[in-house]
Amino acid sequence: FVLAAATAALMAGAAPAMANCDDGEVVIKFSHVTAATGHPKGEAATLLAKRVNEEMNGKACMEVFPNSQLFNDNKVLEALLLGDVQMAAPSLAKFEKYTKKFRLFDLPFLFNDIDAVDRFQTSEDGQKLLDSMQRKGLQGLGYWHNGIKNFSANKPLVAPTDAAGLKFRVQTSEVAVAMIEALEANPQKLAFKEVYGALQTGVVDGQENTWSNIYTKKFFEVQDGVTETNHQVLDYLVVTSTEWWDGLDPAVRDQLKTIMDEVSATRNSMSTEINTQNRAKILEAGGKIRELSADERQAWVDVMKPVWDKFKDDIGQELIDSALSANK
Ligand code: LMR
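Note that the structure is predicted; figures quoted are calculated from it, not measured.

**Examining the site of the ligand**
For the ligand, the full set of nearby residues is Val 33, Thr 34, Lys 41, Ser 91, Asn 146, Gln 171, Phe 192, Asn 209, Asn 213 and Leu 234. Split into classes, the residues belonging to the shell around the ligand amount to three nonpolar, six polar and one charged.

**Structural notes on unusual backbone geometry**
In most cases, non-glycine residues show a negative phi, while peptide bonds are predominantly trans. A positive phi is found at Glu 184, a non-glycine position, where the angle reads about 60°. Considering the arrangement of structural elements, one finds Glu 184 in the loop between α7 (174-182) and β6 (186-189).

**Let's talk about helix α12 (residues 271-284)**
An ideal rise of 1.5 Å per residue puts 20 Å on 14 residues; α12 measures up with 20 Å between its terminal C-alpha atoms. Those residues of α12 not exposed but buried are Ser 271, Ile 274, Asn 275, Asn 278, Arg 279 and Ile 282. For α12, the angular spread of the buried residues around the axis is 140°, confining them to a single face. Away from the buried face of α12 by more than 90 degrees, exposed residues Glu 273 and Glu 284 are located. At the C-terminal side of α12, Gly 286 shows a positive phi close to 95°.

**Here we look at the confidence of the model for the protein**
The pLDDT averaged across the protein works out to 94; a share of 95% of its residues lies at or above 70. For residues 1-16, every residue scores under 50 in pLDDT, and the model assigns this stretch 15 contacts once sequence neighbours within four places are set aside. Predicted as a complex, the structure gets a pTM of 0.93 and an ipTM equal to 0.99.

**Focus: the pairing of strand β5 (residues 167-170)**
Of the pairings in the sheet, the one linking β5 to β6 comprises four bridges and is parallel in character. Paired with Lys 167 across the two strands is Asn 186, which belongs to β6. Chirality of the crossover, the property in question, places the unit of β5, α7 and β6 among those that are right-handed.

Conventions used here
Residues numbered from 1 in each chain as written. Predicted model: local features only at pLDDT ≥ 70, side-chain atom pairs only at ≥ 80, totals over all residues. Near = placed C-beta within 6 Å. Nonpolar A, V, L, I, M, F, W, Y, C, P; charged D, E, K, R; others polar. Helix = DSSP H or I, 4+ residues; strand = E, 2+ residues; numbered from the N terminus. Expected span 1.5 Å × (residues − 1). Buried ≥ 20, exposed ≤ 12 C-beta atoms within 10 Å, placed from the backbone. Arc of directions from axis to C-beta. pLDDT = per-residue confidence, 0-100. Contact = placed C-beta atoms within 7 Å. Pairing = 2+ DSSP bridges. Right-handed = clockwise from strand over helix to strand, strands pointing away.

This is how it looks when you write it as C-alpha cells:
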C-alpha cells in the first residue's frame with residue numbers, strides 16, 4: 001500500500017518534501033550529472049537555486065542534486081514525467097527518444113564556435129525547439145552552454161585512422177554512433193557516471209567530451225591524451241514537465257522563467273572561460289593535449305561530416321541551414 005500511495009503521489013506530480021523547504025513552497029528538485037563547481041552546468045544550477053531560494057522564499061524552494069546522485073540522464077527524463085524531479089539539464093544529445101530534431105546539435109562540425117551556437121539558440125528557430133517536445137510532456141526552459149568536444153583515447157590520436165578499431169564511449173545518440181562508425185571505430189553507449197571506470201578498466205578505449213567534463217571527471221588521468229578535434233557541441237536543455245510547469249501559479253511561473261533567463265544569460269557568457277580554465281588545469285595536472293594543424297583537423301572533418309546525410313531528413317534541411325547561418 002505504501003508503495004502504491006507513493007507511486008500515486010508521484011503520478012499526481014506531488015514532490016516529496018525536502019528538508020530545507022517550508023510548508024506551502026513549490027518544491028523544485030533539480031537533478032544533473034556533472035560536477036557542481038568549476039563546471040558550466042554545475043555553476044549554472046547552483047546560481048539558479050541560490051536566486052530562486054533568495055528571491056522566491058515562501059513561494060518556491062530549489063535543491064540541486066549534482067554528480068548523478070539521483071538519476072542518470074536517461075532516467076531523469078522519465079523521472080521528470082513521473083514528477084519525481086522537476087528540473088534537469090541533460091545534454092541535447094540525450095533527447096533522442098522524444099525528438100529527432102535535436103539531432104541537429106550533434107552534427108559534427110556544424111557550428112564554428114560557441115558564439116555561433118548561442119546565436120542559433122537565441123534565434124526564432126532555436127527558441128521554437130524549446131517547445132518541440134510538448135506533446136511528449138517535456139517543456140524546454142532554456143539552453144545552457146557547456147562547450148565544444150574533443151576526442152581522447154588510450155593511444156595518441158592525430159589522424160582519424162588512429163581511431164580505427166578502438167572502442168569509444170558515446171552518449172545515447174545515433175549521430176554519435178554514426179560518427180564513431182565513420183572512423184571505423186566501435187561506439188558504446190554508456191551513462192556519464194560510468195565513463196571514468198570504463199576508461200580505467202579498458203571497457204572502452206576512448207571518449208569525446210568538453211574540457212570541463214574531461215577535467216572535472218578526471219578522464220585525462222586514464223587516457224593517453226586529448227586531441228583538439230573541436231568536432232561537436234555539447235550543450236544542455238534545461239527541461240521540465242509540461243504538466244508541472246502548466247500547473248504552476250502563473251506569477252510563480254513567470255518569476256521562475258525570468259530568473260531562469262537571467263541565469264542562463266549570465267552563466268552562458270562564462271562557459272568558454274570555464275572551459276579554457278579547465279583545459280589549462282588538465283595541462284597543469286600533467287595531462288597531454290594534442291593540437292592539430294589545419295590540415296590534420298580537416299582530415300577529421302572529411303571522415304565525419306558525411307554522416308550529416310544520414311540524419312538530414314530527420315532534422316530538416318531548413319533547420320540545418322538556419323543553424324549554419326549562425327556561423328556568419
Ligand atoms: C555526457 O554524457 O558526456 C555529458 O552529457 C555529460 C554532461 O552532462 O555534460
